[in-house]
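# Coordinate analysis (summary)
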Amino acid sequence: MWKYFKVVCKVIFPLIGAYFGWMIRYSRHPEKYDYKKRFEKVQKIIRKILKAFNVNFHVDELKEFYKTREDKPYLLISNHLSDLDPLVYIALAEKPITFVAKIETKSFPLIGRCIRILEGVFIVREDLKQTLKEMANVEKRLKSDNRYDFMIFPEGTRNKGNIYEPLTYHHGSFRPGFKANAPIQCFVSIGQEGVLTYKNNKKKFDVYIEKSLSFNSEDYKNKKTSEIAILAENDAKNRLEKYNQQIVVNDKNKKVN
């Protein structure tokens, strides 16, 4: 509780100013406003919020990706541990990014509104026809709109169990990239799952993002989306397990000392 009180004290006034000053307006009619301006303003307020939570990023591989990437829209893939995940990637992105999110997210006061401002796509998971239509929209935008990268969390929901064991990566999440012949870059993140947790009163949160598997159109032209999904899921599992093992080693060393 004390954690939230301190965060509110730090960001309440800039957040209220942003929310009523431009966030509501931008989210209702994003097409009326310059996309770079929208992204920069969203990124600025999110960075303030994460700073208030004392989030410390370890993201050298993510920085390396932005230095070496191709100048075209990417489909970005990541595991999903927290409602905070989209905000983390927005804060760190060096090119505007938007998301495919479940329809429930649309009503979230902050995260949902940010995704709407960035022209994200919302899917109704129980409605296959609507989902296919929106994923086709993502494919179209990957082909023709160089403003944004698209990020999808292929597990489809937050992993609320063993965070070192990814949920099944749904292969349909990779389909827009396949059909658009877009490069696909996978990431693995960990550490953000405790930031919003009510009972977690850590003073600092270390968030790690690793660059996982990369695929271009030549890599997947003779493969099925299900094959790529399995490769990405297994690589995420291996990386998370290594992180878990390192924590165990560190804990043992602390006890010895």
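Since we're looking at a predicted model, the values are computed, not measured. (Residues numbered from 1 in each chain as written. Predicted model: local features only at pLDDT ≥ 70, side-chain atom pairs only at ≥ 80, totals over all residues. Heavy atoms only, no water.)

Of all the eight residues making up helix α4 (residues 85-92), eight are buried; the element is thus mostly covered by neighbouring parts of the structure. What α4 keeps buried is the set Asp 85, Pro 86, Leu 87, Val 88, Tyr 89, Ile 90, Ala 91 and Leu 92. (Buried < 20%, exposed > 50% of the residue type's maximum accessible area, 1.4 Å probe, protein only. Helix = DSSP H or I, 4+ residues; strand = E, 2+ residues; numbered from the N terminus.)

Our next topic: the layout of surface pockets. A water-sized probe, rolled over the atoms, reveals where empty space remains. Of the voids in this model, the largest pocket is the one considered here, and its volume is about 700 Å³. Taken together, 33 residues make up the lining of the largest pocket; nearest its centre are Val 100, Ile 123, Thr 131, Met 135 and Ser 173. Broken down by secondary-structure element, the contributors of at least two residues to the lining of the largest pocket are β3 (97-102), α5 (111-117), α6 (128-144) and α7 (175-180). Each residue belonging to the lining of the largest pocket can be placed in one class, and the counts come to 16 nonpolar, nine polar and eight charged. (1 Å grid on protein atoms, 1.4 Å probe; cavity = no way out; pocket = protein on both sides within 12 Å on 5 of 7 lines; lining within 4 Å. Points joined across faces, edges and corners; volume = space filled by probe spheres on them. Nonpolar A, V, L, I, M, F, W, Y, C, P; charged D, E, K, R; others polar.)

Moving on, we come to unusual backbone geometry. With a phi close to 60°, Glu 119 is a non-glycine residue in the positive phi region. Within the fold, Glu 119 resides in the loop between α5 and β4 (121-123). Residue class for Glu 119 comes out buried when judged on its relative accessible area of 18%.

A word on the pairing of strand β2 (residues 75-78). What you see with β2 is no split at all: Leu 75 and Ile 77 on one side and Leu 76 and Ser 78 on the other are buried throughout. Direction of pairing for β2 relative to strand β5 (residues 149-152): parallel, over a ladder of three bridges. Opposite Leu 76, over in β5, you have Met 151 as the bridge partner. For β2 and strand β6 (residues 184-190), the ladder comprises four bridges, and the chain directions are parallel. Bridging across to β6, Ser 78 finds its partner in Phe 187. (Pairing = 2+ DSSP bridges.)

Bringing α6 into the picture now. A rise of 1.5 Å per residue sets the reference length of α6, with its 17 residues, at 24 Å; its end C-alpha atoms lie 24 Å apart and thus fit the reference within 8%. Inspection of α6 places Gln 130, Thr 131, Glu 134, Met 135, Val 138, Glu 139, Arg 141 and Leu 142 among the buried residues, and these make up the whole buried set. The N-terminus of α6 is capped by Asp 127, whose side-chain oxygen sits 3.2 Å from the backbone nitrogen of Lys 129. (Expected span 1.5 Å × (residues − 1). Polar contact = N/O pair within 3.5 Å; in protein donor to acceptor, adjacent residues only side chain to side chain.)

Counting residues in hydrophobic clusters, the biggest one holds 48 residues, and the most contacted among them are Ile 46, Ile 97 and Ile 209. Of all elements in the fold, only α1 (2-28), α2 (35-52), α3 (60-68), α4, β3, α5 and β7 (205-215) reach the threshold of two or more residues within this core. The greatest single-element share of this core, amounting to eight residues, is contributed by α2. Among the nonpolar cores identified, the runner-up in size contains 29 residues, and Val 100, Ile 163, Tyr 164 and Cys 186 belong to it. (Core = buried A, V, L, I, M, F, W, Y, C linked by side-chain atoms within 4.5 Å.)

Remember that the coordinates give geometry; whether it matters functionally is a separate question.
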